[in-house]
Amino acid sequence: MRGRMVGAGVTVLLVTGCGAEAEPVAVPPPAPVAVAAASSGGACRLLDFGVIEQHAGFRFDVAAAGATGDSHTCVVRVGRATLPELTLTVTETSIDAATFASDVVPEKAAKVSGLGQRAYRRTTSAKGALGPVVEVGWLAAEGRLATLRYATPGDAGKAEAEKLTTALVALARQLDTRAI
């Protein structure tokens, strides 16, 4: 008798849907993992994706650092795209402000005040697939030579790129090159 009751119970469970497959439940995709540029080390320790976006208006999400001798570099990009690209280079140096002005500042560069001991900004013309390049260079405190370079895609105009120099100067003012 007991065997019949168990068999009847199993049959009831199967008939009522306990044996049916459940409807699939939609699971939201995982949230992207936010990684700070600083996690790449080197000169990237001076950069933060949020600070770049806040001061310069560019949104990047990939960073890579490198070093050669006394020079430290950080390159930031958007995903796998090669352009636009922002590059920060910081090099230890013993030059003074006069030497910086005569030997480092490129021809046709404009002077920037309020950034390091001496500073300049310039925009170069497009070359091939590379659009105009915006550059801000300065002789920072404690023997550091720093350069921020923003390379635009080939379809960017020089006037558009020239407007970015103000943004790069604002970003440069936020960087403490002594932290390397």
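Refer to the structure above for everything that follows.
Residues numbered from 1 in each chain as written. Predicted model: local features only at pLDDT ≥ 70, side-chain atom pairs only at ≥ 80, totals over all residues. Heavy atoms only, no water.

### Side note on the nonpolar core
Among the nonpolar cores identified, the biggest contains 35 residues, and Val76, Leu86, Leu88, Trp138 and Leu148 are the most heavily contacted of them. Per-element tally for this core: the top contributor is helix H5 (residues 164-172), with six residues. (Core = buried A, V, L, I, M, F, W, Y, C linked by side-chain atoms within 4.5 Å. Buried < 20%, exposed > 50% of the residue type's maximum accessible area, 1.4 Å probe, protein only. Helix = DSSP H or I, 4+ residues; strand = E, 2+ residues; numbered from the N terminus.)

### Description of the pattern of salt bridges
What the rule picks out here adds up to seven salt bridges. Beyond isolated ion pairs, a larger network of salt bridges with shared partners links Glu142, Asp176 and Arg178. (Salt bridge = Lys/Arg side-chain N within 4 Å of Asp/Glu carboxyl O.)

### What about the packing of aromatic side chains?
Geometrically, a pair of aromatic rings is defined through the distance of the ring centres and the angle of the planes. Within this structure, the stated rule accounts for four aromatic pairs. Between the aromatic rings of Phe58 and Phe60, the centroid separation amounts to 6.2 Å while the plane-to-plane angle is 70°, which identifies the pairing as edge-to-face. Per residue, the accessibility class of Phe58 equals that of Phe60, and both read buried. Ring geometry for Phe58 versus Tyr150: centroids 4.2 Å apart, planes at 15°, classification stacked. Residue Phe58 is located in the loop between helix H2 (49-56) and strand E1 (62-68), and its partner Tyr150 is located in strand E7 (residues 144-153); the two are separated by 92 residues in the primary sequence. Taking relative accessible area as the criterion, Tyr150 reaches 8% and is therefore assigned buried. Put simply, the rings of Phe58, Phe60 and Tyr150 touch in pairs and so form one group of aromatic residues. (Phe/Tyr/Trp six-rings, centres within 6.5 Å; stacked < 30°, edge-to-face > 60°.)

### Comments concerning unusual backbone geometry
Here the amide bond leading from Leu83 into Pro84 is cis, since omega sits at 0°, within 30 degrees of zero. Among the structural elements, Pro84 can be located in the loop between strand E2 (71-77) and strand E3 (85-92). Residues other than glycine seldom take positive phi values, yet Lys108 does so here, at roughly 65°. Counting through the fold element by element, Lys108 comes out in the loop between helix H3 (97-104) and strand E4 (110-111).

### Regarding the side chain of Thr147
Looking at the element boundaries, Thr147 is found in strand E7. With near-sequence residues (within four places) excluded, Thr147 lies in contact with Thr87, Leu88, Thr89, Tyr120, Glu135, Val136, Gly137 and Trp138. (Contact = heavy atoms within 4.5 Å.)

### With respect to the side chain of Glu85
Summarising the element assignment, Glu85 is placed in strand E3. According to the relative accessible area criterion, Glu85 is buried, its value standing at 14%. Side chain to side chain, Glu85 and Arg77 meet in a polar contact 2.5 Å long. (Polar contact = N/O pair within 3.5 Å; in protein donor to acceptor, adjacent residues only side chain to side chain.)

### Things to note about the state of the cysteines
If you walk through the whole model with that rule in mind, you get one disulfide. Between Cys44 and Cys74 runs a disulfide, and the two sulfur atoms are separated by 2.0 Å. The S-S bond linking Cys44 to Cys74 shows a torsion near 95°; that makes this disulfide right-handed. Taken together, the residues span a long stretch of sequence, with Cys44 in the loop between helix H1 (2-15) and H2 and Cys74 in strand E2 at a distance of 30 residues. Both residues of the pair, Cys44 and Cys74, belong to the buried class. (Disulfide = S-S within 2.5 Å.)

### Topic: the sheet that holds strand E5 (residues 118-124)
Spatially, E1-E2-E3-E7-E6-E5-E4 is the arrangement adopted by the seven strands of the open sheet, whose pairing is antiparallel. Each edge of the open sheet is held by one strand with a lone partner, namely E1 and E4. Looking at chain direction, E1 and E2 are connected through seven bridges and run antiparallel. Residue pairing across strands places Ala65 opposite Cys74, the latter belonging to E2. Relative to E5, H3 is tilted by about 15°, and along the sheet it contacts E5, strand E6 (130-140) and E7. Contacts from H5 reach E3, E5, E6 and E7 within the one sheet, and its direction differs from that of E6 by about 35°. (Pairing = 2+ DSSP bridges. Axes fitted to C-alpha atoms, helices over the stretch in contact; angles between N-to-C directions.)

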